Amino acid sequence: MISYNEALEIIISEFKQFPFQQEEIHILDSLNRILAEDIYTDVPLPSFDYSAMDGIGIKFDDKIKKWNLIGEISAGNFKDIIVDENSAVYITTGGKIPPGVDTVIQVEDIIMDENSAELIRDTKFKQGQNIRRRAEDISIHERVLTRGTLLGIQHIPMAASCGKEYVKVFKQLKIGVLATGDELIPVNEKPYDDKIRCSNLYSIIAAVRKLNMIAVDLGIVIDNKLNIEKTIQTALAEDIDILISTGGVSAGKYDYLGKIYEKSGVKSKISKVNIKPGKPFMFGVYGKDENKKLVLGLPGNPISCLVSFILFFRDPYLRNFNSYNENHINAKIANDVKKKDPKRHFLRGHYYTENGENYVNVIGSQSSGDMYSMAQSNCLIEVEEEKKSIPVGESVRCIII
Ligand code: AMP
Ligand code: MG
């Protein structure tokens, strides 16, 4: 059995070597995709000096309080108007500053008629005010977005301002998801006898979609060696990048997955991790080079299953693209925590912010089958191997779900 850190290192290293494909897509389709190129400015920003306010453009002289209005420049309608100390040009926000103008006084500070503008009482104004200068934000040929950026709505205007109608992004990964277990019935059936609704298929498909990947639903497979083998081998032959199964990876009589993966040519890199929940966990690699696929055998317990996905798929994937830290916060713990075993624990918690401080409550039940407690939580509280207890108020790392 290996530690959490060792497991993470193995998976991160596999992600580093993974043959992520790229494609060029329209900027309007690029939201939530991962940028596969650096983006540079092709013009300085701003590209010309312009007015930051609606007002009058003047040649600064603090003794003059009244000007003759000699013309108008609105955004996109530049005119080469020459002002002297006694004249002004009416200019709107975004209007290009004509030569000679070095100051803009906003309309709120002046009284204007057709032909003149006068300062309201003793309003002060400074030379250079209300003018945004060419290249003040960024010069030409500067890198403004980095490969690996998860494109949010804040990045789209930047790319657009660099003239990127098309952007190079990583192709969406295609993830095959299957659940194993004789006890599993679909969500639209009522449980009877010893049957339970299969929740893992839904949780993992939803988690995959949240990462903006494409989930391929491979369904529920009964605990029959041949059935599982057939499903897995068909899936591995298909056009998917990652195969994720749930259940059947622990030490029970019908936990066939490890052996079947091995028989199907999957090279196992991890079979158990010293964590709770989620100790049984299989990670392996199938094929090589451009055809490489990653395989994850998640434990069947619904909580272990989702926790393992977050820890060993979502986070290393995001870390590979530097988006990882956005899912982690530190918070002061609101309950005493005691731990007897030397595993790394991931407790269901609920964090909140009060007066600028993060706090986290441990959710009552930590049973690895308790979906109700999962539904009440918004993070996993990390308790390291050597920790025996955490007193109230201590800062802990929380992994946002
Ligand atoms: P396993 O990992 O297959 O030994 O399953 C461990 C526990 O998780 C058992 O109690 C299973 O009934 C339960 N379980 C397995 N797969 C699922 C699933 N897809 N949805 C809900 N519970 C499951
Ligand atoms: Mg099972």
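Right above here is the structure, for reference.
Criteria and cut-off values
- Residues numbered from 1 in each chain as written.
- Chains lettered and ligands numbered in written order.
- Predicted model: local features only at pLDDT ≥ 70, side-chain atom pairs only at ≥ 80, totals over all residues.
- Heavy atoms only, no water.
- Disulfide = S-S within 2.5 Å.
- Buried < 20%, exposed > 50% of the residue type's maximum accessible area, 1.4 Å probe, protein only.
- Helix = DSSP H or I, 4+ residues; strand = E, 2+ residues; numbered from the N terminus.
- Polar contact = N/O pair within 3.5 Å; in protein donor to acceptor, adjacent residues only side chain to side chain.
- Contact = heavy atoms within 4.5 Å.
- 1 Å grid on protein atoms, 1.4 Å probe; cavity = no way out; pocket = protein on both sides within 12 Å on 5 of 7 lines; lining within 4 Å.
- Points joined across faces, edges and corners; volume = space filled by probe spheres on them.
- Nonpolar A, V, L, I, M, F, W, Y, C, P; charged D, E, K, R; others polar.
- Core = buried A, V, L, I, M, F, W, Y, C linked by side-chain atoms within 4.5 Å.
- Near = heavy atom within 4 Å.
- Areas by Shrake-Rupley, 256 points an atom, 1.4 Å probe, with all protein chains shown as cover.

Q: Looking at this model, I keep getting lost on the state of the cysteines. Mind explaining?
A: What we call a disulfide is simply a covalent bond connecting the sulfur atoms of a pair of cysteines. Applying the stated criterion across every chain yields a total of zero disulfides. Free cysteine: cysteine 398, not disulfide-bonded; nearest cysteine sulfur from cysteine 379 at 4.2 Å. For cysteine 398, a relative accessible area of 0% gives the class buried.

Q: Hey, could you run me through the side chain of lysine 292 in this one?
A: As for its position among the elements, lysine 292 is in the loop between strand E20 (280–286) and strand E21 (293–298). Within polar-contact distance, the side chain of lysine 292 engages the side chain of glutamate 14 at 3.3 Å. Not counting chain neighbours up to four residues away, the residues in contact with lysine 292 comprise Glu14, Gln17, Phe18, Pro19, Asp241, Val285, Tyr286 and Gly287.

Q: Can you walk me through the layout of surface pockets in this structure?
A: A water-sized probe rolled over the atoms picks out the places where empty space is left. As a volume, the largest pocket reaches approximately 570 Å³. Forming the boundary of the largest pocket are 26 residues, of which Leu150, Lys210, Leu211, Leu318 and Asn327 lie nearest the centre. Here the lining of the largest pocket takes six residues from helix H6 (residues 302–320), the largest share from any one element. In terms of residue class, the lining of the largest pocket is built from 13 nonpolar, 10 polar and three charged.

Q: Hey, could you run me through the nonpolar core in this one?
A: Soluble globular proteins tend to pack their nonpolar side chains together in the buried interior. The biggest cluster of nonpolar side chains holds 53 residues, and the ones touching the most others in it are Phe312 and Tyr317. Elements with a minimum of two residues in this core: helix H1 (4–17), strand E13 (174–180), helix H3 (200–210), strand E17 (242–246), E20, E21 and H6. Ranked by the residues each element gives to this core, the list is headed by H6, at 11 residues. Here phenylalanine 312 is in contact with Tyr4, Ala7, Leu8, Ile11, Val273, Ile275, Phe281 and Leu296, once residues within four sequence places are set aside. Grouped together as the second largest cluster of nonpolar side chains are 17 residues, Leu178, Val249, Leu257 and Tyr261 included.

Q: Explanation requested: the site of ligand 1 in the structure shown.
A: In the neighbourhood of ligand 1, 17 residues make up the surrounding shell, with Glu183, Ser199, Asn200, Gly248 and Gly300 lying closest. At 2.9 Å from an oxygen atom of ligand 1 is found a main-chain nitrogen or oxygen belonging to glycine 248. Within the contact set of ligand 1, an oxygen atom lies 3.1 Å away from a backbone nitrogen or oxygen of asparagine 301. A total of 480 Å² of accessible area belongs to ligand 1 in isolation, and the protein chains cover 76% of it. Within the residue set of the shell around ligand 1, elements represented by two or more residues are E13 and strand E15 (196–197).

Q: Even after reading the chapter, I still don't get the environment of methionine 282, so can you show me in this structure?
A: Turning to its location among the elements, methionine 282 is positioned in strand E20. Its relative accessible area of 5% is what places methionine 282 among the buried residues. Residues methionine 282 and lysine 269 lie 13 residues apart in sequence; the distance between their C-alpha atoms is 7.6 Å.

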